[in-house]
Amino acid sequence: KPGGQKGRNGCGTRRGGVMKNESHESGAWGEKLAARFMRKQGYKVLGTGVRLSPRDELDVIARKRDLLVFVEVKTRKSEDYGRPVDAVNRAKRRTISRAAVHYLREVGYPKVNFRFDVIEVVGAPGDQDPVLRHIENAFTLDPRFILPY
């Protein structure tokens, strides 16, 4: 099975005006909240921060009966610059699609239905009431990728 290692490197270099440590900490916190949310909704969480290759990572993989869900978690402190889901642009959808196909290949292409969801987390570690929004079927598999069934 693909590894479940988190892709957190802990370096303190600047990226986009935010310290990477802070950004990674916030992202890991958001993934933890999203996984907990999915469990409460009746999903079995198969993995978080699943790194399939240096370029392919899936934030949360969950399953409910015969449905496999690949969840992209977007965490933001505020919505001053738009909703977190807005960051899931065409390039990001392509990257997530590639990672999902990589995962499906690694587990032997199980014949299950799957979808791509986004969970928005608005808040920061330590906040008492972060906002979580679950957007089901946020996008479809990028047409560049073909499955063998």
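Residues numbered from 1 in each chain as written. Predicted model: local features only at pLDDT ≥ 70, side-chain atom pairs only at ≥ 80, totals over all residues. Heavy atoms only, no water.

1. Focus on the overall build of the protein chain
Threshold: Think of it this way: any DSSP run of H or I at least four residues long counts as a helix, any run of E at least two long counts as a strand, and we number them from the N terminus. We call two residues in contact when some of their heavy atoms are within 4.5 Å. Per-residue and other accessible areas were derived by the Shrake-Rupley procedure at a 1.4 Å probe size, with only the shown protein chains allowed to occlude residues.
Looking only at helices and strands, the protein chain features 2 helices and 7 strands. For the protein chain, the share of sequence-separated contacts (at least 6 apart) that also reach a separation of at least 24 residues comes to 59%. Of the roughly 8700 Å² that the protein chain leaves accessible, carbon and sulfur atoms contribute 46%.

2. Describing the pattern of salt bridges
How we decide: By salt bridge we mean one thing: a side-chain nitrogen of Lys or Arg within 4 Å of a carboxyl oxygen of Asp or Glu. The rule is simple: take the accessible area with a 1.4 Å probe, protein chains only, and divide by the maximum for that residue type; under 20% is buried, over 50% is exposed, in between is partly exposed.
The final tally for this structure, using the stated rule, is 11 salt bridges. Residue Asp117 is joined to Arg115 by a salt bridge in which the shortest nitrogen-to-oxygen separation is 2.7 Å. Under the relative-accessibility criterion, Asp117 is labelled buried at 0%. The salt bridge partner of Glu136 is Arg115, with a shortest N-O separation of 3.7 Å.

3. Things to note about the side chain of Glu120
The condition is simple: Pairs of N or O atoms are called polar contacts if they sit within 3.5 Å, as long as, within protein, a hydrogen donor faces a hydrogen acceptor (for residues adjacent in sequence, only side-chain-to-side-chain pairs).
Structurally, Glu120 can be placed in strand β6 (residues 113-122). Residue classification places Glu120 among the buried residues on the basis of a relative accessible area of 0%. A distance of 2.6 Å separates the side chain of Glu120 from the side chain of Arg83, its partner in a polar contact. From its side chain, Glu120 meets the backbone nitrogen of Val85 in a polar contact 3.0 Å long. Other than its neighbours up to four places away in sequence, Glu120 contacts Lys74, Arg83, Pro84, Val85, Val131, Leu132, Arg133 and Ile135.

4. Here's the deal with the nonpolar core
How we decide: Among buried residues, the Ala, Val, Leu, Ile, Met, Phe, Trp, Tyr and Cys ones that are joined through side-chain atoms within 4.5 Å form a nonpolar core.
Judged by nonpolar contacts, the single largest core of 18 residues is most densely connected at Leu58, Ile61, Leu68, Phe70 and Tyr103. If you list the elements that add at least two residues to this core, you get β4 (57-64), β5 (67-76), α2 (90-106) and β6. In terms of residues, this core owes the most to one element, α2, which gives 6 residues. With sequence-adjacent residues up to four places away left out, Leu58 is seen in contact with Thr48, Gly49, Val50, Leu52, Phe70, Ile96, Ala99, Ala100 and Tyr103. Val45, Val60, Ala62 and Val121 belong to the second-largest nonpolar core, a separate cluster that totals 14 residues.

5. A few points about the confidence of the model for the protein chain
It should be kept in mind that the predicted coordinates are not to be read in detail where pLDDT is low. Selection criterion: Along the chain, pLDDT gives the predictor's confidence residue by residue, from 0 to 100.
On average, residues of the protein chain score 88 in pLDDT, and 87% of them reach the 70 mark or higher. Note that residues 1-18 has pLDDT below 50 and, in this model, 38 contacts with residues that lie over four places away or in other chains.

6. With respect to the packing of aromatic side chains
Defined as follows: Two rings from Phe, Tyr or Trp (for Trp, the six-membered ring) form a pair when their centres sit within 6.5 Å of each other. Planes less than 30 degrees apart are called stacked, planes more than 60 degrees apart edge-to-face, and all others tilted. Think of it as a cone above the ring: NZ of Lys or CZ of Arg counts as a charge over the ring if it is within 6 Å of the ring centre and within 35 degrees of the ring normal.
One pass over the full model with this rule turns up 5 aromatic pairs. Pairing Phe70 with Tyr103 gives two aromatic rings, centres 5.9 Å apart and planes at 80°, and the pair type is edge-to-face. Taken together, the residues span a long stretch of sequence, with Phe70 in strand β5 and Tyr103 in helix α2 at a distance of 33 residues. What makes Phe70 buried here is its relative accessible area of 1%. Between Phe114 and Phe116, the ring centres sit 5.9 Å apart and the planes meet at 90°, which makes this aromatic pair edge-to-face. In this structure an aromatic cluster arises from ring pairing among Phe70, Tyr103, Phe114, Phe116 and Phe139. Over the face of the ring belonging to Tyr43 we find Lys64, whose NZ or CZ atom lies 4.7 Å from the ring centre.

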